[in-house]
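# Observations on the model geometry
The residues making up each chain are set out below.
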Amino acid sequence: MITAFLWLLRAAIILVVAWGTFKTLLSNPYTSRNWLDFIIFGIAQGSMYALIAIGYTLVYGVLKMINFAHGEFFMSGIFTATSALAIPLAASGFMDKHPLLSLLAIGLLSMLVSVGIALLTERIAYRPLRHAPRLMPLITAIGASFFWQYYFRGLFGSQVRPFPTVVALQGSIPFLNTTVLKTHVLVVVVTVLALVALNFFITKTRAGMAIRSVSENKDVAALMGINVDRAISMTFATGATMAGLAGLLYALVYGQVHFFMGFIPGIKAFTAAVLGGIGNIPGAAVGGLLLGLFESVGPSLFLQGLGIPAFNQLKDVIAFTMLVLVLIFRPQGIMGERLAEKKA
């Protein structure tokens, strides 16, 4: 009975999406350049989701827990770097004279702070609960998320802080029949390089092999002489490094930071990790890219044809609907293991 209902629900969703797409294409409200712009923005957005999603999938792969504080690792790095370094550098004029050096310094500080917060969280909040029932670290992660949000609110204030404009990244460059913002090009290039470096780290280095061993079996890894605690700390540090880097890219694209900025991107990155297959690193990258594309193209393609008002404001609905649908119809995601069997 339940299976039949799910099949009917699946068919209804497909029919609604197909009907909305057909009506949109029939009315042809956009040019090919508009669709290309949607796709380019979706790739840039999805690249940031992919970097954040890496942290979720790494921690799940090793500890089989959902680290809901990961969005705060993303927030803490760039919020600190903007307040303590980017704004003073821009005020002194150093950023205009040396944009590359400034961005490297801001990115490095962002990643260091994110890693520090991640290691503190793992050591104080998660490690004592390593052998506790899985519900306890999950609840602790939610508590840690709120703690870091309000800690940084107290530290830097609740106001939205503008990220300084980098003159060298203003404007756009021609691409096919349209133009692409320089910040979007930077986001995609940096994401590709980061994912290549991550793949090298995980597959070719001793630390990466230790992480993979611990993710397979902690007890056997310990018998083989691997320091499990150090490998788990390295897992958190690696995910936080990607989150700190994503924070810098986010600030460059949206031009602002605030203490609550980690919540929505964090939940969407979790969605991307589930979509790609949580626990699977390539799956997180693929899931992030697909989520960004669906968010960018989906409202105009699926919803406009259905006559839904203000459809452009419903991209969050697209993302969270995807999370629900993936959990219902394919909990293992595109490339991952079955979440229903091992979820935290």
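Here, the structure is the one placed above.
None of these values were measured; they are calculated from a predicted model.

## Details of the packing of aromatic side chains
With the rule as written, the count across this model stands at 20 aromatic pairs. Summarising the aromatic geometry, the rings of Trp35 and Phe38 are spaced 5.6 Å apart at their centres and angled 75° between planes, so their arrangement reads as edge-to-face. With a gap of three residues between them, Trp35 and Phe38 both fall in helix H2 (residues 32–63), about one helical turn apart. Ring centres of Trp148 and Tyr151 lie 5.6 Å apart, and the angle between their planes is 90°; on these two criteria the pair is classed as edge-to-face. A residue pair is termed a helical-turn pair when its members lie 3 or 4 positions apart in one helix, as Trp148 and Tyr151 do in helix H6 (residues 135–156) at three residues. Among the aromatic side chains, those forming a connected cluster through ring pairs are Phe79, Phe147, Trp148, Tyr151, Phe152 and Phe156.

## Regarding the packing of helix H7 (residues 182–204) against helix H8 (residues 206–216)
Where H7 meets H8, the closest approach of the two axes is 5 Å, and the angle between their N-to-C directions is 75°. On the basis of the axis angle, H7 is roughly perpendicular to H8. Within the contact between the two elements, H7 uses Phe201, Ile202, Thr203 and Lys204 and H8 uses Arg206, Ala207, Gly208, Met209, Ile211 and Arg212. Tallied by class, residues from the contact of H7 with H8 come to five nonpolar, two polar and three charged.

## A short note on the layout of surface pockets
A probe as big as a water molecule, rolled over the atoms, marks out the empty space that is left. Approximately 600 Å³ is the volume attributed to the largest pocket. As for the largest pocket, its lining consists of 20 residues, of which Ile13, Val17, Thr321, Met322 and Leu325 are closest to the centre. Listed by contribution, the elements that provide at least two residues to the lining of the largest pocket are helix H1 (2–27), helix H12 (281–303) and helix H13 (315–329). Among the elements that make up the lining of the largest pocket, the one with the highest residue count is H13 (seven residues). Along the lines of polarity and charge, the residues of the lining of the largest pocket split into 16 nonpolar, two polar and two charged.

## A word on the nonpolar core
Grouped together as the largest cluster of nonpolar side chains are 89 residues, with contacts concentrated most on Ile78, Ile106, Phe163 and Phe236. Looking at this core, the element that brings in the most residues is helix H10 (residues 228–254), giving 15 residues. If we skip the residues at most four places from it in the chain, Phe163 touches Ile78, Thr82, Ala86, Ile106, Leu248, Ala251, Leu252, Gly255 and Gln256.

## Quick look at the side chain of Thr121
When you line up the elements, Thr121 lands in helix H5 (residues 99–126). Assessed through its relative accessible area of 3%, Thr121 is described here as buried. Dropping the residues within four chain positions of it, Thr121 is found in contact with Phe73, Tyr126, Ala144 and Trp148.

## A word on the environment of Ser27
Of note, Ser27 is situated in helix H1. Through-space distance from the C-alpha of Ser27 to that of Gly305 is 7.9 Å; in sequence the pair is 278 residues apart. A distance of 3.0 Å separates a polar atom in the side chain of Ser27 from the backbone oxygen of Thr24.

## Side note on the pairing of strand S3 (residues 178–181)
Across the two faces of S3 the burial differs, with Thr178 and Val180 buried and Thr179 and Leu181 not buried at all. Two strands pair when backbone bridges link them, and strand S2 (residues 172–175) and S3 are joined in this way by four bridges, in the antiparallel orientation. Counterpart to Phe175 in the pairing with S3 is Thr178. Where S2 hands over to S3, the hairpin turn is made up of two residues, of which Leu176 adopts a positive phi near 50°.

Reading guide: rules and limits
Residues numbered from 1 in each chain as written. Predicted model: local features only at pLDDT ≥ 70, side-chain atom pairs only at ≥ 80, totals over all residues. Heavy atoms only, no water. Phe/Tyr/Trp six-rings, centres within 6.5 Å; stacked < 30°, edge-to-face > 60°. Helix = DSSP H or I, 4+ residues; strand = E, 2+ residues; numbered from the N terminus. Axes fitted to C-alpha atoms, helices over the stretch in contact; angles between N-to-C directions. Parallel < 35°, antiparallel > 145°, perpendicular 65-115°, else oblique. Contact = heavy atoms within 4.5 Å. Nonpolar A, V, L, I, M, F, W, Y, C, P; charged D, E, K, R; others polar. 1 Å grid on protein atoms, 1.4 Å probe; cavity = no way out; pocket = protein on both sides within 12 Å on 5 of 7 lines; lining within 4 Å. Points joined across faces, edges and corners; volume = space filled by probe spheres on them. Core = buried A, V, L, I, M, F, W, Y, C linked by side-chain atoms within 4.5 Å. Buried < 20%, exposed > 50% of the residue type's maximum accessible area, 1.4 Å probe, protein only. Polar contact = N/O pair within 3.5 Å; in protein donor to acceptor, adjacent residues only side chain to side chain. Pairing = 2+ DSSP bridges.

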